[in-house]
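Breakdown of the fold
Now for the letters of each chain:
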Amino acid sequence: MELIFYITAAITLVSTVMVITRHNPVHALLYLVISLLSLSVIFFLLGAPFAALLEIIIYAGAIMVLFIFVIMLLNLGKETAIQEKEWLKPKVWIGPAILSVILFAELFYLISMPHEASPVLKTVDSKAVAISLFRPYLIGVELAAMLLMAGVVGAAHIGQHKKLVFHRFLKEEEEEKT
Amino acid sequence: MKSSISIEMILLLAALLFVLGIAGVIIRKNIIFMLLSVEVMLNAAGLAFVAAGAHLGQPDGQVMFLFILAMAAAEVSVGLALILQIYHQHKSLDIDKLKEMKG
């Protein structure tokens, strides 16, 4: 069990590093899908099968498809890869990398501080999650529904194209109206 | 199913993922990559929640993970719509070219 966890964690970390260093957006996206899949294996090992399934269905399924659609719509191909290659110089990433390492060292220190012995991890089945979700957290579910509604409306509103008016008389008329 | 993975290792993994996400947000100049890094950070937070829930044997961790999932979906849809709009107006995804927002 532990061996599987360490292998999966290594896969997750390697693929995440690949996500933030790739030049081609599609490659980064595919590495992110691998990272999400291995993270869902970790959820399964932690005794959270419901969260693991949702991770695959929603993250690796729905959200990544959205990203792929946008990348295909914008036609980000080789030009973007070349551009990224120019941007991603050691001078650019060395500073943030040092800051991140310091932050990780702090987190490592906080996590490794001595505390009482931890019991083994317990499985939380989806029934308990559902009961907890629809009794004490019901207001949270409703708020999440409102948030999703706001997301849909906002995306539909922001994403619509305004037709540019090229004819100068039409443009003047438009300005006079407003 | 009882697993013998220690909670420290899982939290360490979550911390590493979060730090990688932060580094990605700072390093990258392309907005799409920044959004991907934000997704990585949200995932790390979700992993920490699920690990804590499994550690305490409470369902609250997974409930919080569900809320993070819903939030991420809404955030990504709005963010991608914004990216499309930026690309149509500026023909570029370079954040340095968006200085006219004076933000």
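Just so we're clear, the structure is a prediction, and the values are computed from it rather than from any experiment.

Here's the deal with the overall build of chain B
- When its secondary structure is counted, chain B shows three helices and zero strands.
- Reading chain B from its N terminus to its C terminus gives the helix and strand order α-α-α.
- For 103 residues, the compact-globule formula gives about 13 Å, and the C-alpha radius of gyration of chain B, at 17 Å, lies well above that figure.
- Once the C-alpha set of chain B is aligned to its principal axes, its extents read approximately 55 × 25 × 20 Å.
- Scored against the burial criterion, the 103 residues of chain B give a buried share of 60%.
- A total of about 4000 Å² of accessible surface is found on chain B, and carbon and sulfur atoms cover 68% of it.
- For chain B, the centre of its 7 positive side-chain charges and the centre of its 7 negative side-chain charges are spaced 11 Å apart.

Brief notes about the packing of aromatic side chains
- Counted according to the given criterion, the structure contains four aromatic pairs over all chains.
- The cationic tip of R28(B) hangs over the ring face of F33(B); the distance from NZ or CZ to the ring centre is 4.0 Å.

A few points about the packing of helix α1 (residues 2-21) of chain A against helix α2 (residues 25-45) of chain A
Residue and element names in this part refer to chain A.
- For the pair α1 and α2, interaxial distance at closest approach is 8 Å and the crossing angle is 155 degrees. As summarised for this structure, α1 and α2 are arranged roughly antiparallel, according to the angle between their axes. Where α1 crosses over α2, the handedness of that crossing is left-handed. Counting all contacts with α1, which are made through I4, F5, T8, A9, I11, T12, S15, T16, M18 and V19, the residues of α2 involved are A28, Y31, L32, I34, S35, S38, L39, V41, I42 and L45.

Quick look at the side chain of T8(A)
Residues and elements named next belong to chain A.
- By secondary structure assignment, the location of T8 is in helix α1.
- On the basis of relative accessible area, T8 is assigned to the buried category, the value being 8%.
- When residues no more than four places from it in sequence are discounted, the contact partners of T8 are S38, V41 and I42.

Structural notes on the interface of chain A and chain B
- Facing 79 residues of chain A, the contacting portion of chain B comprises 71 residues.
- At the boundary of chain A with chain B, the tally comes to zero salt bridges.
- Within the residue set of the side of chain A that touches chain B, elements represented by two or more residues are α1, α2, α3 (49-74), α4 (78-87), α5 (90-111), α6 (126-134) and α7 (138-159) of chain A.
- At 13 residues, the largest contribution of residues to the side of chain A that touches chain B is made by α3(A).
- By residue class, the composition of the side of chain A that touches chain B is 57 nonpolar, 17 polar and five charged.

Section: the confidence of the model for chain B
- Within chain B, residue pLDDT values average 87, and 93% of them lie at 70 or more.
- The ipTM, which scores confidence in the relative placement of chains, is 0.89 for this predicted complex, and the corresponding pTM is 0.84.

Quick look at the side chain of E39(B)
- With respect to the secondary-structure elements, E39(B) resides in helix α2 (residues 31-56).
- At 16 Å, R28(B) is the nearest oppositely charged side chain to E39(B), a buried residue that forms no salt bridge.
- Those residues within four positions of E39(B) in sequence are excluded, and the remaining contacts are Y59(A), I63(A), F67(A), A72(B), E75(B) and V76(B).

Digging into a nonpolar patch on the surface
All names here are of chain A.
- A cluster of nonpolar side chains, contributed by V92, W93, I94, I98, L99 and I102, occupies part of the molecular surface with about 540 Å² of accessible area.
- Assignment of secondary structure puts L99 in helix α5.
- By relative accessible area, L99 is classed as exposed at 54%.

Overview of the nonpolar core
- In this structure, L46(A), F67(A), L47(B) and I83(B) are the most contacted members of the largest nonpolar core, which totals 69 residues.
- Where this core is concerned, the elements lending two or more residues are α1, α2, α3 and α6 of chain A together with α1 (7-27), α2 and α3 (60-90) of chain B.
- In terms of residue count, α3(B) provides more of this core than any other element does, 13 residues in total.
- Leaving out residues up to four positions away in the same chain, F67(A) has contacts with L29(A), I32(B), L35(B), L36(B), E39(B), V76(B) and L80(B).
- F104(A), I111(A), L12(B) and A15(B) belong to the second-largest nonpolar core, a separate cluster that totals five residues.

Concerning α5(A)
- In a regular helix each residue adds 1.5 Å, so 22 residues correspond to 32 Å; α5(A) covers 30 Å between its end C-alpha atoms and thus fits that length.
- Along α5(A), the residues that are buried comprise P96(A), S100(A), F104(A) and I111(A). Taken around the axis of α5(A), the buried residues stretch over an arc of 85 degrees, which confines them to a single face. Exposed residues lying more than 90 degrees from the buried face of α5(A) are P90(A), K91(A), L99(A), V101(A) and Y109(A).
- Contacts from the buried residues of α5(A) go to α1 of chain B.

Procedures and definitions
- Within every chain, residues take consecutive numbers counted from 1 along the sequence as written.
- All chains are assigned letters beginning at A, and all ligands numbers beginning at 1, according to the order in which they are written.
- Reporting in this predicted model follows two pLDDT cut-offs: at least 70 for local features of residues, and 80 or more for side-chain atom pairs to be given and counted; totals over whole chains, interfaces and linings ignore these cut-offs and use all residues.
- Derived side-chain values reflect all non-hydrogen atoms in the structure, with water molecules and hydrogen atoms excluded from consideration.
- Helix and strand assignments follow DSSP, with helices taken as H or I runs no shorter than four residues and strands as E runs no shorter than two, numbered in order from the N terminus.
- Using C-alpha atoms as the atom set, the radius of gyration is obtained and then compared with a globule rule of 2.2 Å times the number of residues to the power 0.38.
- We call a residue buried when its accessible area falls under 20% of the maximum for its residue type, exposed when it is over 50%, and partly exposed in between, using a 1.4 Å probe and counting protein chains only.
- Here the open area of atoms and residues is found with the Shrake-Rupley method and a 1.4 Å probe, where only the protein chains shown may cover a residue.
- As used throughout, the charge tally considers Lys and Arg to be positive and Asp and Glu to be negative, leaving His and the chain termini uncounted.
- Lys charges are placed at NZ, Arg charges at CZ, Asp charges at CG and Glu charges at CD.
- Note on aromatic pairs: the rings of Phe, Tyr and Trp (six-membered ring only in Trp) are paired at centre separations within 6.5 Å, and the planes decide the class, stacked below 30 degrees, edge-to-face beyond 60, tilted for the rest.
- Lysine and arginine charges are scored as sitting over a ring when NZ or CZ, respectively, is within 6 Å of the ring centre and within 35 degrees of the ring normal.
- Only the contacting stretch of a helix is used when fitting its axis, a line to C-alpha atoms as for every element, and angles between N-to-C directions run 0 to 180 degrees.
- In what follows, roughly perpendicular refers to angles from 65 to 115 degrees, roughly parallel to angles under 35, roughly antiparallel to angles over 145, and oblique to any angle outside these ranges.
- For a crossing to be left-handed, the near helix must be turned anticlockwise from the far one by less than a right angle; the clockwise case is right-handed.
- Contacts are assigned to residue pairs that have any heavy atoms within 4.5 Å of one another.
- Salt bridges are defined as contacts in which a side-chain nitrogen from Lys or Arg sits within 4 Å of a carboxyl oxygen from Asp or Glu.
- Each residue is assigned to one of three groups, with Ala, Val, Leu, Ile, Met, Phe, Trp, Tyr, Cys and Pro labelled nonpolar, Asp, Glu, Lys and Arg labelled charged, and all others, Gly among them, labelled polar.
- Every residue gets a pLDDT, meaning the predictor's confidence in that residue, from 0 to 100.
- Candidates for patches are residues over 30% relative accessible area with no salt bridge; among them, like charges are joined within 9 Å and nonpolar side chains (Val, Leu, Ile, Met, Phe, Trp, Tyr) within 5 Å.
- We call a set of buried Ala, Val, Leu, Ile, Met, Phe, Trp, Tyr and Cys residues a nonpolar core when their side-chain atoms join them within 4.5 Å.
- In this scheme, a helix's expected span is set at 1.5 Å multiplied by one less than its residue total.
- Each direction from the helix axis to a C-beta atom contributes to the arc, which is the arc of those directions.

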